[in-house]
Amino acid sequence: RQEKQGARVEREVLDEQRLEEITKRKPCSDAQPSLTEWLKDSLRCTVPKLKRSVVSSLPVLTWLPKYSVWEYGMPDLIAGISVGILHLPQSMAYALLASLPPVFGLYTSFYPVLIYFFFGTSRHISIGTFTVLSIMMGSVTERLAPDMDFLKMNGTNVTAEVNTAARDSYRVQVAAATTVLGGLIQVVLGLVKFGFVGTYLSEPLVRAYTTAAAVHAVVAQLKNIFGISPRRFSGPLSLLYTLKDVCSLLHHTHLSTLVVSAVSMVFLIMGKEFNSFLSPKLPIPIPVDLITIVTATLISKYAQLNNNYTVSVVGEIPSGLRSPSVPDVSLFGEVIGDAFAMAIVGYAICISLGKTFALKHGYKVDSNQELVALGLSNTVGGFFQCFSVCSSMSRSLVHETTGGKTQVAAVVSSLIVLVAILKLGPLFQELPKAVLGAIVFVNLKGMFKQYYDIVTLWRSSKIDLVLWLVTWVSTLLLNLDLGLAASVTFYGLFLNVASDSYCVTLCGHREVREIPGITIFRSSATLYFANAELYLEALKEKVLLSVEEEVSSWKGTCIDRNVPDQEGQDWSERENGTVFVIPTTLRKPDDNCRWEYLKSGDPDCTSLGWISELQDEDSTTLDSSSEDTLSHDLERVSLGSLGKWTWDIHSIILDLSTANFIDIVGLKTMKNIFHDFSEIDVDIYIAGCQATVVEQLELGGFFSQTITKRHLFASVHDAVLYCLDHRGATLTPRYEPSLVCMMFK
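Residues numbered from 1 in each chain as written. Predicted model: local features only at pLDDT ≥ 70, side-chain atom pairs only at ≥ 80, totals over all residues. Heavy atoms only, no water.

Undergrad: So what's going on with a nonpolar patch on the surface? Residues and values would help.
TA: Where nonpolar side chains cluster on the molecular surface, the patch consists of Leu-237, Leu-240, Tyr-241, Leu-243, Val-473 and Leu-477 and spans about 450 Å² of accessible area. Counting residues per element, the ones that place at least two in the nonpolar patch are helix H10 (238-248) and helix H21 (462-495). Residue Leu-477 is classed as partly exposed on the basis of its relative accessible area of 32%. (Patch = residues over 30% accessible without salt bridge, like charges linked within 9 Å, V, L, I, M, F, W, Y side chains within 5 Å. Areas by Shrake-Rupley, 256 points an atom, 1.4 Å probe, with all protein chains shown as cover. Salt bridge = Lys/Arg side-chain N within 4 Å of Asp/Glu carboxyl O. Helix = DSSP H or I, 4+ residues; strand = E, 2+ residues; numbered from the N terminus. Buried < 20%, exposed > 50% of the residue type's maximum accessible area, 1.4 Å probe, protein only.)

Next comes the structure, spelled out in structure tokens:
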């Protein structure tokens, strides 16, 4: 008996035997399709799957044939030139972090970019050199090729002078071997569908790791800033040993080098602040880094800083491209641990940044394909003496803010780098290394801003704060490779990683029926960073499945592309039989985007294959590691962008009775679920929360004017009764209490 202000249910006490008798559980054989049905389904799906497999392996085939030069050509050209100009100083500066000659940074900004163009799925990320990976590579090259192993011989005596040519040559071999091995690891992981590994590197872990890596980068550049020559240590506590050695050598500071460093830093900081101040008025940002190195090179050349003041300069930069060469496979055994660490870190940064931009612009990045694309970029690049690459936040932001639409902009940027390699390289031979060190220093500002995470996590989630601090401390003390392993291990032990199986309705009972209009979604795992994305994808897939079933049952439905809406009406409200409206770019109608219309009565249309693409739209809520918390700046694209649909679901109940805690990533996922489904008029409710989970929701700022505690219920039964009374009382037939059952795995 159901009452308006409450409910009372009278039924017998059920044990398992009695429950099976009432629900009439089906034999397992009844739930399995016959061999004939299975063969028919397999043959019917083989050809489309084969086609999708070829296209997914080479994503450029999905968008390049449709590329509009008139619409995208000029924005991509401007973005490509802007990113290419930024590539030049960054590539040379980060090559020093990798303890390699600057010209190899230019190679690294050329070859991998072209490979990613063909195999990558993100339209906006900029592949190339990156601070963290350069520091990790530097620790490998200096460990296997220290200066002490390349001291010059004067007869039978060993001098203090280092044979830099021999040392750099061997370091290039080490870097190439590490890069190729890391790329092969990424390709293999991508082929075996191991892309989900990125979800186990949560936002707090990645941000803490990059913050600690910034400290390593600063310490590594102190020698160029002060003009000293400290010893390079490796292994645990190497950062402390290096700092101690640097402090002991400060009285040997080269004054001229320090002056060059200080002036360069002041110029860079002032230029970047000026850029930020004028950014709303500037069509493209001022290339402050490039202006700095050009100015410094000219001053160094005409003032003879190297000859007159012994300021260390970049030195010879050979012109032209190098022929490919096979890396020294004998080094694989010595660098496999470092290669694996760089493969995982590079992928985590790449996929988190790629998904952030994809979320804003309404397209999908494939986690597994991104692993393959990044792996091929590293593998092929390693044969051309490149070092490990991933996406760069600063360059990707320039790509996006200057209007870049596709990876054609990346090809333009690589051509800028190619010109520098072929013609402009020798012009930078007089560039002081102190200037490159200053560029690294100033560009780390965004990473050091991430220390504010401590304050944010203290207020929202003490658990995430502990994990952030553990990652930061272990990375500082144990070095970048061991620190990453220790952090991931601690995460796994602390959170007790659970199964990633999610809610599916059980069809194993003849008398069990769902309540029309209400979906109950239950996971057997705690909602946290490692499965938050999978949780969200499973939920939206379940809901969108009902749309496909409804649309596929209609006759004479077709897609009529690129028809302008002359009357300014919503097509779903037209009287001419239009049913659904979907923006192909998932942007707002006022963005001049193209639309796809589903109209009844057109005999020319025979396919609804786009529906499967719609179901695959990525709606991840995980934020990326960023320079200035990019997640707060990017607009989100949600289910509301899909147009007006006719839903057979009006309420979704999230059963969190199995959750004993929720971290900051899980909390953001829940907020985005409420936001997304509210746009399509579907109510979200939470049931079965433990007191600790409710407290964590309060501390994390989950509740607001739109999401209140009235959306939380003590049990699923309470939530179901409320939904029936609130929205489903007139539409939903009454069931006997003993026969109404929602069972999920």
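Undergrad: Please give an account of the side chain of Ser-109 that cites residues and values.
TA: Along the polypeptide, Ser-109 turns up in the loop between helix H5 (102-108) and helix H6 (111-119). Residue classification places Ser-109 among the buried residues on the basis of a relative accessible area of 0%. Dropping the residues within four chain positions of it, Ser-109 is found in contact with His-87, Ser-91, Thr-129, Ser-414 and Val-417. (Contact = heavy atoms within 4.5 Å.)

Undergrad: Tell me about the packing of helix H4 (residues 69-97) against helix H18 (residues 433-443), and name the residues and values.
TA: Viewed as axis vectors pointing N to C, H4 and H18 meet at an angle of 95°, and their least axial separation amounts to 9 Å. With respect to H18, the axis of H4 lies roughly perpendicular. Residues Pro-89, Gln-90, Met-92, Ala-93, Tyr-94, Leu-96 and Leu-97 of H4 form the contact with H18, whose own contacting residues are Lys-433, Leu-436, Ile-439, Val-440 and Asn-443. Along the lines of polarity and charge, the residues of the contact of H4 with H18 split into nine nonpolar, two polar and one charged. (Axes fitted to C-alpha atoms, helices over the stretch in contact; angles between N-to-C directions. Parallel < 35°, antiparallel > 145°, perpendicular 65-115°, else oblique. Nonpolar A, V, L, I, M, F, W, Y, C, P; charged D, E, K, R; others polar.)

Undergrad: Pulling in residues and values, what's your account of helix H24 (residues 664-678)?
TA: Here H24 is 15 residues long and its end C-alpha atoms lie 21 Å apart, about the 21 Å a rise of 1.5 Å per residue gives. Across the 15 residues that make up H24, a large majority, 11, are buried. Residues of H24 that are buried include every one of Ile-664, Val-665, Gly-666, Leu-667, Thr-669, Met-670, Asn-672, Ile-673, Phe-674, Asp-676 and Phe-677, and no others. (Expected span 1.5 Å × (residues − 1).)

Undergrad: So, the pairing of strand E9 (residues 649-655): which residues are in play, and what are the values?
TA: Counted residue by residue, E9 has seven buried out of seven residues, so it is predominantly covered. Judged from the six bridges that link them, strand E5 (residues 517-522) and E9 form a sheet pairing that is parallel. Bridging across to E9, Ile-520 finds its partner in Ile-653. The sheet contact formed by E9 and strand E10 (residues 683-687) spans five bridges and is parallel. Bridged to Ile-652 within E10 is Ile-684. Handedness of the crossover is the feature at issue here: the chain leaves E9, passes through H24, returns alongside E10, and the resulting connection is right-handed. (Pairing = 2+ DSSP bridges. Right-handed = clockwise from strand over helix to strand, strands pointing away.)

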